Each structure stands twice: as C-alpha cells, then as structure tokens.
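Results of the structural survey
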Amino acid sequence: MLFPPLLFQRVKAHAENNYFRLARLKIQLINNRMDENGEEVSVTTEEEKLNGNQVSRIIKVKNICEHPVYVRVKIEFSGEDKQGKFQAGEYVSFQDPTGEWVKHGEWYYHSKALEQDQVTGNLFEELIFDLDRLKTDHAGSKIEFVVSAQAVQSENNGTSAETANGWPKEAE
C-alpha cells in the first residue's frame, strides 16, 4: 500500500544552508533525523515516502553569533491532492520532548536566551500523521512541512523570548 509522500523543509526567508543572518545576529536551523542505527544525522532528501504513521524529524536552533539571542520557530503544514491545495496541520502532530518551548500564537518560543554556539533542545523528534483521516480526506496527497526561524537580541531586551521586542513583522 502506498502512503502519501512527504516533502520536507523548505525554509522561508533568505537562507543559505539553513543559516539566517538578521542584522548582526546569525542562527542555524537544524533539521535532523534518526537513522536506522539510532544515530542523529542531517536530513539530505527533500522528499520521502511515509512508511507507517510517523517520521523522524529533529528540529532545533543554534546561535552562531557572538551575542546571546532569543529564538522562535514556526511550523507550517500544507498539502496537495488531485483537487488542489489544502491546510494539512490538522493531520499532523508533534510533541516538545524537552519542555523548553512555549507556543504563543503560531510561533514556538525557546524558553531561554541562547549564548554563542549554544543549541536549543529539540522542538520535536518525530511527526505523527493521522493516516486514516488523511487517506479518507486526501488520498494520494503530498504534505509539505515548512520551518521558519527568527532571532532577536536578548541583551537588554526583556526577560523572555515572548516579551522581547524587535521580532520581524509577519508578511500579510
């Protein structure tokens, strides 16, 4: 039986190799997975078939600038089937295994400032699909998973990522 193929990580904004430079701030969005030996490895393919209802994806952020930063991440799921595009978020779930992330609106804010070269805990380690509903509602569909990451300076900028000023405005 064929399951819907999944397309993974198309990073928004101007990114090269998943590095984002925001003024003097620079962060790296890390998109890894667990391989068949249980080792964490970098994701190297853009598309893969879903075997079962889960797929390994490990999302975290690294501060690669000299200044401490607050970071936030947004995850968006969209789908496409023979009838066209659809919102796919209701068919996919994940859990924060570290407790380091706080959801506020569409964004997940890391609970602490990241010092130089520090990496967040994993936002999630696997995506879980409601395959019964997905196959019923959108048989043969493709699901795309888009990750956006942003940073603001943490020095003299509030006591948490959620209360910090200077987050980029969302495009309308």
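Residues numbered from 1 in each chain as written. Predicted model: local features only at pLDDT ≥ 70, side-chain atom pairs only at ≥ 80, totals over all residues. Heavy atoms only, no water.

1. Some thoughts on the overall build of the chain
From N to C terminus, the chain includes one helix and 13 strands. Listing every helix and strand of the chain by position from the N terminus yields β-β-β-β-β-β-β-β-β-β-β-β-α-β. Here the chain, with 172 residues, has 42% of them falling under the buried criterion. Residue pairs in contact within the chain that sit at least 24 positions apart in sequence constitute 76% of those at least 6 positions apart. (Helix = DSSP H or I, 4+ residues; strand = E, 2+ residues; numbered from the N terminus. Buried < 20%, exposed > 50% of the residue type's maximum accessible area, 1.4 Å probe, protein only. Contact = heavy atoms within 4.5 Å.)

2. Section: the side chain of Asp35
You can see Asp35 is positioned in the loop between β3 (25-34) and β4 (40-42). One buried charged residue, Asp35, forms no salt bridge at all, with the nearest opposite charge on Arg33 at 5.9 Å. A distance of 2.8 Å separates the side chain of Asp35 from the backbone nitrogen of Asn37, its partner in a polar contact. (Lys, Arg positive; Asp, Glu negative; His and termini not counted. Salt bridge = Lys/Arg side-chain N within 4 Å of Asp/Glu carboxyl O. Polar contact = N/O pair within 3.5 Å; in protein donor to acceptor, adjacent residues only side chain to side chain.)

3. With respect to the pairing of strand β12 (residues 124-129)
Direction of pairing for strand β6 (residues 54-63) relative to β12: antiparallel, over a ladder of four bridges. Its bridge partner lying in β12, Ser56 is registered against Glu126. Where strand β9 (residues 92-93) lies against β12, two bridges are found, and the strand directions are antiparallel. Residue Ser93 lies in a different strand from β12, and its bridge partner there is Ile128. (Pairing = 2+ DSSP bridges.)

4. Section: the nonpolar core
Ile75, Phe77, Leu123 and Leu127 are the most contacted members of the largest nonpolar core, which totals 32 residues. When contributions to this core are tallied by element, the ones reaching two or more residues are β3, β6, β7 (69-81), β12, α1 (131-138) and β13 (142-153). In contact with Leu123, not counting residues within four places along its chain, are Ile59, Val73, Ile75, Phe94, Gln95, Asp96, Pro97, Trp101 and Tyr108. By size, the runner-up hydrophobic cluster in this structure holds seven residues, among which are Tyr70, Trp107, Tyr109 and Ala164. (Core = buried A, V, L, I, M, F, W, Y, C linked by side-chain atoms within 4.5 Å.)

5. Brief notes about the pairing of strand β10 (residues 101-104)
Where β10 lies against strand β11 (residues 107-110), four bridges are found, and the strand directions are antiparallel. When the sheet's bridge partners are listed, Lys103 is paired in β11 with Tyr108. In textbook terms, the turn of a hairpin is the stretch between consecutive antiparallel strands, and for β10 and β11 this stretch comprises two residues, one of which, Gly105, has a positive phi near 65 degrees.

6. Thoughts on the confidence of the model for the chain
Looking at the chain, pLDDT values average 84 and 85% of them are 70 or higher. Taken together, the stretch residues 1-17 has pLDDT below 50 and engages in 55 contacts with residues farther than four places along the chain or on a different chain. (pLDDT = per-residue confidence, 0-100.)

7. Details of the packing of aromatic side chains
Applying the stated criterion to the full structure yields six aromatic pairs. The interplanar angle of 40 degrees and the centroid separation of 4.4 Å between the aromatic rings of Phe94 and Phe124 together place this pair among those described as tilted. Pair noted here: Phe94 is in the loop between β9 and β10 and Phe124 is in strand β12, with a separation of 30 residues, a long-range link. For the residue pair Phe94 and Phe124, the accessibility class agrees, reading buried in each case. Note on Tyr109 and Trp167: the rings are 5.6 Å apart at their centroids and 80 degrees apart in plane angle, and the pair reads as edge-to-face. Remark: Trp167 occurs in the segment after β13 and Tyr109 occurs in strand β11; sequence separation between them is 58 residues. By the burial criterion, Tyr109 is buried, and Trp167 matches it. Ring pairing ties together the aromatic residues Phe77, Phe94, Tyr108, Phe124 and Phe145, which thus form one cluster. (Phe/Tyr/Trp six-rings, centres within 6.5 Å; stacked < 30°, edge-to-face > 60°.)

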